[in-house]
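Listed below are the residues making up each chain.
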Amino acid sequence: MSALIERLRSEGERRYHDKHRYHVLMHEGRLTREQLQQWVLNRYYYQTRIPIKDALIVSKSEDPAFRRMWLRRVRDHDGDAEGEGGLAMWLRLADGVGLEREEVASCRSVLPGVRAACDSYVELVRGRSLVEAVASSLTEFFAPDLMSRRIAAWEQHYPWVDPEMLAYFRSRVTRARRDSEEAIDFVVRHATTPQLQDACVDALIRKAEVLWKLLDAVYAAYVKPKLAAKAKLRHDRVANKMMLLYPEKGLVLNATAADTVQLCTGERTVREIVGELTAKYNQDSAIIEREVIALLASLAERGLVQESA
Amino acid sequence: MTDEIRPYTLIAELSYRCPLRCSYCSNPLDWARHRDELDTATWLRVFREAEELGVVQLNLTGGEPLVRDDLEVLVGGARSLELYTNLITSGIPLEKERLGKLRAAGLDNVQVSVQDVSAEASDRIAGMRSFDHKLEVARWVKELGMPLTLNIVLHRGNLDRVGEMIALAERLSADRLELANTQYLGWALINRQALLPTREQLEKARAIAAAAKRRLQGRMEVLFVTPDYYAEYPKTCMDGWGRRFILISPDGLALPCHAAHTLPGLSFENVRERPLGAIWSDSAGFNAFRGEDWMREPCKSCERRALDLGGCRCQAFHLTGDARATDPACKLAPAHGLIESARTEALGTAAPLRYRAAKI
């Protein structure tokens, strides 16, 4: 059975959103105030979906002991009274970063891409079997220290956020561990056939994609990439393509990548860049957005674009 | 980048002259005999011919390139060819005003070398007071808005300070930190017993550099060049002989690497006498070790032959006397014992350093 845990771990870890550029920027203290605020605002919509998907999971079980265990998750989020629980704590965090609580709670400013990703998570849980739905909740199991890292990073880099407001993250450090141990135990006991195990791994991958797409949407709306001063674009006469040069190295770019780089002037959001490219190439904007974000990530890892301006 | 034979980088050694006297200097041992440097017009022609071959990166180096008073003109010529121009310098002699002129002429990147993390230790290696001025130059580079590469050559005397070197590079806001272990050729081979670290030292330093590389990803590139004396297989020296790099010596020899002309029986041609394109494609010297045809066993049938292309020809010659031998750094090389005994020597007491000088 440890083979299944290992498989879930490697698939989950590889896709976990702690490696997304938006999180890397957040943890390195490089998000602007607006970028951090928008993450809090948009992520709140995800938080509101959690008790709903957990209630769906409860509804799939015939076992009172399991339901008691899983109902605790719903209570963790909704609290036992008004103003308590994870959702209320998140709204206090929204206060702490300088947002209007009422606007956050209304979810009216949530990005369409974030809404679609979070809704697809609820639909995933609704459509799958109990064990698959439980497996999809396992993402936190693979990076138990993400919350601790996040608290340390916020305290260090965003001193303008009242540290009292980080209560939600603090409460998750121990709860995430307990929750995911219960869930992994359940999956290992019930995913007894190769088909069920494959389905569980697939559900976990879909869930990791939800978290990733949420950040993609926020990144696309609030990052205005700017090519770093050290990077120079030129035509390469041998390959007859554009080439991006930087100290000691060079990258040959395809036509879309070269166009993308030329649009990285620090004035356009990623979404606006995607819009221009979509018009020019007459292609599906979702595909272009994925390519552009992947290109920017690989350039950012080489220090060739700035994302925080 | 793709796999064809195509030069990407021109290394222009503008002069062998240098105010420093580092004991691992990679200049030829008889450097003082080469007095006849190429003139401005010839260098500009060579840049143009290199760009026509596909070269996109230009490293202006030496010796010390700053000793050339036509450096601004050369940088301007490179800029008009859209070459990415990197000045590789000790920072001596340089004033901020001249650096500003070089930037205005189109200089893209400045690589400053320091020898250690303190003035005392750095100046001891360099053989002159230079450390404080080098840091000043590094600060000017950033003030002028240029990317900065900090280069530090590693050896047994400074390898334990890799953590402090990384901290220094962070304080200077370097964009790239090259921690380059000494290559044991030229002056460094003479001083090998004084310079070669122990494996334990090396592993510690490597772990520190690897952690910094992860931590600083996207902000500062940390490059740790392992010495091949402690690798299992040789490095792909210069990315392969005559494959990616062209080096021009101060007096105009076109070479696959900075030590190629120390190999006996090879003829190299001078850019004063023939266009660079013809030298690159036809000269006997550039073709001598291209590809795999020159290889003997154990390289010839080795499954790694396309990966490391037999390693470093110069190291093979200077250690075994045979330029076609397998690089002794390879654990499969018949002469690997030479490397193993150097490692054993490194466990003993360090020998005193001998300084680079006009005569030895």
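Residues numbered from 1 in each chain as written. Chains lettered and ligands numbered in written order. Predicted model: local features only at pLDDT ≥ 70, side-chain atom pairs only at ≥ 80, totals over all residues. Heavy atoms only, no water.

### Topic: the interface of chain B and chain A
Next up, step 1: At the interface, 31 residues of chain B touch 19 residues of chain A.
Next up, step 2: When chain B packs against chain A, close to 2,100 Å² is buried across both sides, 46% of that on carbon and sulfur atoms.
Next up, step 3: Counting across the interface, chain B meets chain A through 12 residue pairs in polar contact (both at pLDDT 80 or more).
Next up, step 4: If you tally residues by element for the side of chain B that touches chain A, the top one is helix α1 (residues 40-53) of chain B, at 3 residues. (Contact = heavy atoms within 4.5 Å. Buried area = accessible area lost by both parts, 1.4 Å probe. Polar contact = N/O pair within 3.5 Å; in protein donor to acceptor, adjacent residues only side chain to side chain. Helix = DSSP H or I, 4+ residues; strand = E, 2+ residues; numbered from the N terminus.)

### What to know about the sheet that holds strand β6 (residues 176-181) of chain B
Strand pairs in the sheet, formed through backbone hydrogen bonds, run parallel or antiparallel to each other.
Residues and elements named next belong to chain B.
Next up, step 1: Spatial ordering of the open sheet is given by β7-β6-β5-β4-β3-β2-β1-β8-β9, a layout of 9 strands whose pairing is mixed. For this open sheet the edge positions go to β7 (221-225) and β9 (254-255), each flanked by a neighbour on one side alone.
Next up, step 2: Relative to β6, strand β5 (residues 148-154) is paired through 6 bridges, and the arrangement is parallel. Looking across to β6, one finds that threonine 149 is bridged to arginine 176. (Pairing = 2+ DSSP bridges.)

### A look at the environment of glutamine 197 of chain A
Next up, step 1: The residue glutamine 197 of chain A is located in helix α11 (residues 194-222) in this model.
Next up, step 2: When the C-alpha atoms of glutamine 197 of chain A and valine 187 of chain A are compared, they prove to be 8.6 Å apart, with 10 residues separating the residues in sequence.

### Description of the layout of surface pockets
Residue and element names in this part refer to chain A.
Next up, step 1: The calculated volume of the second largest pocket comes to roughly 690 Å³.
Next up, step 2: Around the second largest pocket, the lining is made up of 26 residues, and of these Lys213, Asp216, Ala217, Glu289 and Ile293 lie nearest the centre.
Next up, step 3: Where the lining of the second largest pocket is concerned, the elements lending two or more residues are α7 (112-127), α11, α13 (270-281) and α14 (285-301).
Next up, step 4: For the lining of the second largest pocket, the element with the highest residue contribution is α14, accounting for 8 residues.
Next up, step 5: Taken together, the residues that form the lining of the second largest pocket break down as 12 nonpolar, 5 polar and 9 charged. (1 Å grid on protein atoms, 1.4 Å probe; cavity = no way out; pocket = protein on both sides within 12 Å on 5 of 7 lines; lining within 4 Å. Points joined across faces, edges and corners; volume = space filled by probe spheres on them. Nonpolar A, V, L, I, M, F, W, Y, C, P; charged D, E, K, R; others polar.)

### Looking at the packing of aromatic side chains
Next up, step 1: By the definition in use, this model includes 18 aromatic pairs over all chains.
Next up, step 2: Judged by centre distance (6.2 Å) and plane angle (70 degrees), the ring pair of tyrosine 168 of chain A and phenylalanine 169 of chain A falls under edge-to-face. Note on accessibility: tyrosine 168 of chain A and phenylalanine 169 of chain A belong to one class, buried.
Next up, step 3: Seen from their ring centres, tyrosine 184 of chain B and tyrosine 229 of chain B are 5.1 Å apart, and the 65 degrees between their planes marks the pair as edge-to-face. Here tyrosine 229 of chain B lies in the loop between β7 and β8 (245-248) and tyrosine 184 of chain B lies in the loop between β6 and α7 (187-190), a separation of 45 residues in the sequence. A single burial state applies to tyrosine 184 of chain B and to tyrosine 229 of chain B, both of which are buried.
Next up, step 4: Directly above the ring of phenylalanine 169 of chain A sits arginine 150 of chain A, whose terminal nitrogen or CZ lies 5.3 Å from the centroid. (Phe/Tyr/Trp six-rings, centres within 6.5 Å; stacked < 30°, edge-to-face > 60°. Buried < 20%, exposed > 50% of the residue type's maximum accessible area, 1.4 Å probe, protein only. Lys NZ or Arg CZ within 6 Å of the ring centre and 35° of its normal.)

### Considering the packing of helix α4 (residues 64-78) of chain A against helix α5 (residues 85-96) of chain A
Residues and elements named next belong to chain A.
Next up, step 1: Following both chains from N to C, one finds α4 and α5 inclined at 30 degrees, their axes separated by 2 Å at the closest point. When the axis of α4 is compared with that of α5, the two are roughly parallel. Packed against α4, whose contacting residues are Asp76, His77 and Asp78, the element α5 presents Gly85, Gly86 and Leu87 at the interface.
Next up, step 2: Here the contact of α4 with α5 is built from residues that sort into 1 nonpolar, 3 polar and 2 charged. (Axes fitted to C-alpha atoms, helices over the stretch in contact; angles between N-to-C directions. Parallel < 35°, antiparallel > 145°, perpendicular 65-115°, else oblique.)

### Digging into the pairing of β7 of chain B
Residues and elements named next belong to chain B.
Next up, step 1: Along β7, the buried face is formed by Val222 and Phe224; none of Glu221, Leu223 and Val225, which line the opposite face, is buried.
Next up, step 2: Across 5 bridges, β6 lies against β7 in parallel orientation. Within β7, the position partnered with arginine 176 by the bridge is glutamate 221.

### As for the confidence of the model for chain A
Next up, step 1: Model confidence for chain A is summarised by a mean pLDDT of 93, while 99% of its residues fall at 70 or above.
Next up, step 2: Taking the mean pLDDT of every element in chain A, the minimum, 86, falls on helix α10 (residues 167-190) of chain A and the maximum, 98, on α7 of chain A. (pLDDT = per-residue confidence, 0-100.)

### Re helix α13 (residues 313-320) of chain B
Residue and element names in this part refer to chain B.
Next up, step 1: Most of α13 sits inside the fold, with 6 of its 8 residues counted as buried.
Next up, step 2: Those residues of α13 not exposed but buried are Arg313, Cys314, Gln315, Ala316, Phe317 and Leu319.
Next up, step 3: Each element contacted by the buried residues of α13 is listed here: α7, α8 (192-195) and α14 (336-346).
Next up, step 4: Once α13 ends, the next one or two residues include glycine 321, with phi positive near 85 degrees.

### Re the sheet that holds strand β2 (residues 232-236) of chain A
Residues and elements named next belong to chain A.
Next up, step 1: Pairing is antiparallel across the open sheet formed by 3 strands, whose spatial order is β2-β3-β4. Since the sheet does not close on itself, it has two edges, and those belong to β2 and β4 (249-253), each with one partner. In this sheet, adjacent strand axes meet at a mean angle of 30 degrees when their direction is disregarded.

### What to know about the side chain of aspartate 108 of chain B
Next up, step 1: The residue aspartate 108 of chain B is located in the loop between α3 (96-105) and β4 (109-114) in this model.
Next up, step 2: A residue is classified by how much of its surface remains accessible, and aspartate 108 of chain B, at 4% relative accessible area, is buried.
Next up, step 3: Looking at aspartate 108 of chain B, its side chain comes within polar contact range of the main-chain nitrogen of threonine 85 of chain B, at 2.9 Å.
Next up, step 4: Apart from residues no more than four positions distant in its own chain, aspartate 108 of chain B is found in contact with Lys232 of chain A together with Arg79, Leu83, Tyr84, Thr85 and Pro147 of chain B.

### Thoughts on the side chain of glutamine 35 of chain A
Residues and elements named next belong to chain A.
Next up, step 1: Within the secondary structure, glutamine 35 sits in helix α3 (residues 33-59).
Next up, step 2: Overall, the relative accessible area of 1% leaves glutamine 35 in the buried class.
Next up, step 3: Here the side chain of glutamine 35 touches threonine 32 through a polar contact of 3.0 Å, landing on its backbone nitrogen.
Next up, step 4: Separated by 3.0 Å, the side chain of glutamine 35 and the backbone oxygen of tyrosine 222 make a polar contact.
Next up, step 5: Once residues within four sequence positions are removed from consideration, glutamine 35 is found in contact with Tyr22, Arg30, Tyr222, Val223, Glu307 and Ser308.

### Here's the deal with unusual backbone geometry
Next up, step 1: Cis rather than trans, the peptide bond between glycine 62 of chain B and glycine 63 of chain B has omega equal to 15 degrees.
Next up, step 2: Structurally, glycine 63 of chain B can be placed in the loop between β2 (57-61) and α2 (71-80).
Next up, step 3: For the peptide bond that leads from glutamate 297 of chain B to proline 298 of chain B, omega is 5 degrees, which places it in the cis range.
Next up, step 4: On the secondary structure map, proline 298 of chain B appears in the loop between α11 (284-287) and α12 (305-308).
Next up, step 5: The residue asparagine 282 of chain A is not glycine, and still its phi comes out positive at about 50 degrees.
Next up, step 6: Position of asparagine 282 of chain A among the secondary structure elements: in the loop between α13 and α14.
Next up, step 7: Overall, asparagine 282 of chain A belongs to the exposed group, its relative accessible area being 71%.
Next up, step 8: A positive phi angle, close to 55 degrees, is found at serine 173 of chain B, a residue other than glycine.
Next up, step 9: Positionally, serine 173 of chain B belongs in the loop between α6 (162-171) and β6.
Next up, step 10: With relative accessibility at 41%, the residue serine 173 of chain B sits in the partly exposed group.

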